[in-house]
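Coordinate analysis (summary)
As a plain string of letters, each chain reads:
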Amino acid sequence: MCGIAGLTQDRPGLLEEMAARLAHRGPDSSGVWRDTEAKAGFAHRRLAVIDLSPAAAQPMVSDCGRYVLIHNGEIYNFRELRLELEAVGERFKSESDTEVLLKLLRREGEAALSRLIGMFAFAFWDRRDRSLLIARDRLGIKPLVYAPLSGGQLAFASEIYALRAHAEVNVSLDF
């Protein structure tokens, strides 16, 4: 199942709290990653399914260190995509669909979305451009909720409960 969360304006302890609120979604491991320059960050709770090794742990950082990905779900056509990527010289450390997604997004950016078959929600951060791409599958099978914050910032997570860790997130109903 996994759980993801992130912020474009991190505060001390907040990502850890968001991850703790998602613990039931991923009992196998957890990880937090921060871009200290941009003050952005990701949190991940892992339910290991495809690749059980530590090589598939998240947040997953590209070899060059520029890109970071957190992912919930499964990319059904990842084996085919992996073969395509290997044919153009990509090498892999894991057997995970997450690593395939990371390398595909690094190469193709947002255009990669039309090539994905599966149920997924993910966040992809570009450290150089300080840009964030968040996406979910077309049917919304994997949840992804978000909340705008002051100063044009953003918080997102697999569940509203994780978003509520941030003091600025208002979850009252707007009739």
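Residues numbered from 1 in each chain as written. Predicted model: local features only at pLDDT ≥ 70, side-chain atom pairs only at ≥ 80, totals over all residues. Heavy atoms only, no water.

A separate point is the sheet that holds strand β5 (residues 67–75). Taken together, four strands build an open sheet; the order of strands is β4-β5-β6-β7 and the sheet is antiparallel. Because the sheet does not close on itself, it has two edges, and the strands there are β4 (60–61) and β7 (131–136). (Pairing = 2+ DSSP bridges. Helix = DSSP H or I, 4+ residues; strand = E, 2+ residues; numbered from the N terminus.)

Let us look at the environment of A38. When you line up the elements, A38 lands in the loop between β2 (29–35) and β3 (40–46). For the pair A38 and R130, spaced 92 residues apart in the sequence, the C-alpha separation amounts to 6.9 Å. With residues near it in sequence (within four places) discarded, A38 still touches T8, W125 and R130. (Contact = heavy atoms within 4.5 Å.)

Bringing helix α2 (residues 78–87) into the picture now. Listed in full, the buried residues belonging to α2 are F78, L81, R82 and L85. Viewed along the axis of α2, the buried residues span an arc of 105°, placing them on a single side of the element. Turned more than 90 degrees away from the buried face of α2, the exposed residues are R79, L83 and A87. Elements in contact with the buried residues of α2: β5 and α3 (97–108). Of the residues one or two after α2, G89 is the one with positive phi, at around 100°. (Buried < 20%, exposed > 50% of the residue type's maximum accessible area, 1.4 Å probe, protein only. Arc of directions from axis to C-beta.)

For the rest of this paragraph, the subject is the side chain of S96. As for its position among the elements, S96 is in the loop between α2 and α3. Since its relative accessible area comes to 3%, S96 is described here as buried. Among the polar contacts listed, one links the side chain of S96 to the side chain of S94, at a separation of 2.9 Å. (Polar contact = N/O pair within 3.5 Å; in protein donor to acceptor, adjacent residues only side chain to side chain.)

Paired through backbone hydrogen bonds, the strands of a sheet run either parallel or antiparallel to each other. Overall, antiparallel pairing links the five strands, which are arranged β2-β3-β1-β9-β8 in an open sheet. On the outer flanks of this sheet lie β2 and β8 (145–148), each paired with one strand and no other. Ignoring which end each strand starts from, the neighbouring axes of this sheet average 10° apart. Looking at chain direction, β8 and strand β9 (residues 154–157) are connected through four bridges and run antiparallel. Note on β9: the bridge partner recorded for P148 is L154. Relative to the sheet, helix α1 (residues 14–21) contacts β1 (3–7), β2, β3 and β9, its axis offset from that of β1 by approximately 160°. (Axes fitted to C-alpha atoms, helices over the stretch in contact; angles between N-to-C directions.)

Take the packing of α2 against α3 next. α3 packs onto α2 with a crossing angle of 50° between their chain directions and a minimal axis gap of 10 Å. Viewed along their axes, α2 and α3 adopt a mutual orientation that is oblique. Relative to α3, the crossing made by α2 is left-handed. Side by side, α2 and α3 meet where F78, L81, R82 and L85 of the first sit next to D97, V100, K103, L104 and R107 of the second. (Parallel < 35°, antiparallel > 145°, perpendicular 65-115°, else oblique. Left-handed = near helix turned anticlockwise from the far one by under 90°.)

Looking now at the pairing of strand β6 (residues 118–126). Burial runs high along β6: eight of the nine residues are buried. Note: β5 against β6, nine bridges, orientation antiparallel. Opposite Y67, over in β6, you have D126 as the bridge partner. With six bridges joining them, β6 and β7 adopt antiparallel strand pairing. Across the sheet, the residue bridging to F122 is A135, located in β7. What sits between β6 and β7 in their antiparallel hairpin is a turn of four residues, with R130 showing a positive phi close to 50°.

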